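Coordinate analysis (summary)
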Amino acid sequence: MTWFITALKKYAVFRGRSRRKEYWYFVLFAVLTSGVLRLIDTALDLTWGDRSTFGVLQALWWLAVLIPSIAVLVRRLHDTNRTGWWWLLNLVPVIGPIVLIVFAAQPGTPGPNPYGQDPKPSGALMTDTEDRNL
């Protein structure tokens, strides 16, 4: 939850870098919250569409986290030494999101890069194995 709050505090900050932990915990919390809101929407019959695939609360949630989710992805791409414009790959069906998942799963570049300082604490030097477990 702390990492989700950290990402929300940087609501529309598209510069700098984000650790994998910050990105993936943000995604996890956003998806879990969406699932809970989906259940509430279904229980209260607040869904629409032929298959009742989307509800009012769920739609409001995704609108609320749209900008922070783009911002945290851009900062995550910066941590892997890529420009934030790569997030536009989301517009390419199927392959684009898969490529972005791979990019987001890669470890960040150690030390400073053109997008800022390393977001990991300077005293926490980790091996590749330890870093993969985060």
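For the structure given in this document, a descriptive report is provided here. These numbers come from a predicted model, not from an experiment.

1. What to know about the overall build of the chain
Each helix and strand counted, the chain has 6 helices and 2 strands in total. In the chain, the succession of α and β elements from N to C terminus is α-α-β-β-α-α-α-α. Buried residues in the chain amount to 30% of all 134 residues. Long-range contacts, defined here as pairs at least 24 residues apart, represent 63% of the contacts in the chain between residues at least 6 apart. Summed over all atoms, the accessible surface of the chain reaches about 8,400 Å², with 68% contributed by carbon and sulfur.

2. Overview of unusual backbone geometry
One non-glycine residue with positive phi stands out, namely Asn81, at about 65°. Mapped onto the fold, Asn81 is located in the loop between α4 (66–79) and α5 (95–105). Non-glycine residue Val94 carries a positive phi angle of around 60°. If you trace the backbone, Val94 turns up in the loop between α4 and α5.

3. Quick look at a nonpolar patch on the surface
There is a patch of nonpolar side chains on the surface, built from Val31, Val36, Ile40, Leu44, Leu46, Trp48, Phe54, Val56, Leu60, Trp62 and Leu63 and spanning about 980 Å² of accessible area. Those elements that place two or more of their residues in the nonpolar patch are α2 (20–43) and α3 (56–64). Topologically, Val36 is positioned in helix α2. Take Val36: its relative accessible area is 48%, and that puts it in the partly exposed class.

The rules behind these values
Numbering of residues begins from 1 in every chain and follows the order in which that chain's sequence is written. With pLDDT at 70 or above as the cut-off, local features in this predicted model cover only qualifying residues; side-chain atom pairs require 80 or more to be listed or tallied, and sums for whole chains, interfaces and linings still use all residues. To obtain the side-chain values, all non-hydrogen atoms of the structure were included, while hydrogens and water were left out. Secondary structure elements follow DSSP: runs of H or I of four or more residues count as helices, runs of E of two or more count as strands, with numbering from the N terminus. Working definition: with a 1.4 Å probe on protein chains only, accessible area under 20% of the residue-type maximum means buried, over 50% means exposed, and in between means partly exposed. Only heavy atoms enter the contact rule, under which two residues are in contact if any of them lie within 4.5 Å. Accessible surface area values rest on a Shrake-Rupley calculation with a 1.4 Å probe, where residue burial reflects the displayed protein chains alone. Exposure above 30% relative accessible area and the lack of any salt bridge qualify a residue for a patch; like charges then connect within 9 Å, and the nonpolar side chains Val, Leu, Ile, Met, Phe, Trp and Tyr within 5 Å. When a carboxyl oxygen of Asp or Glu is within 4 Å of a side-chain nitrogen of Lys or Arg, the pair counts as a salt bridge.

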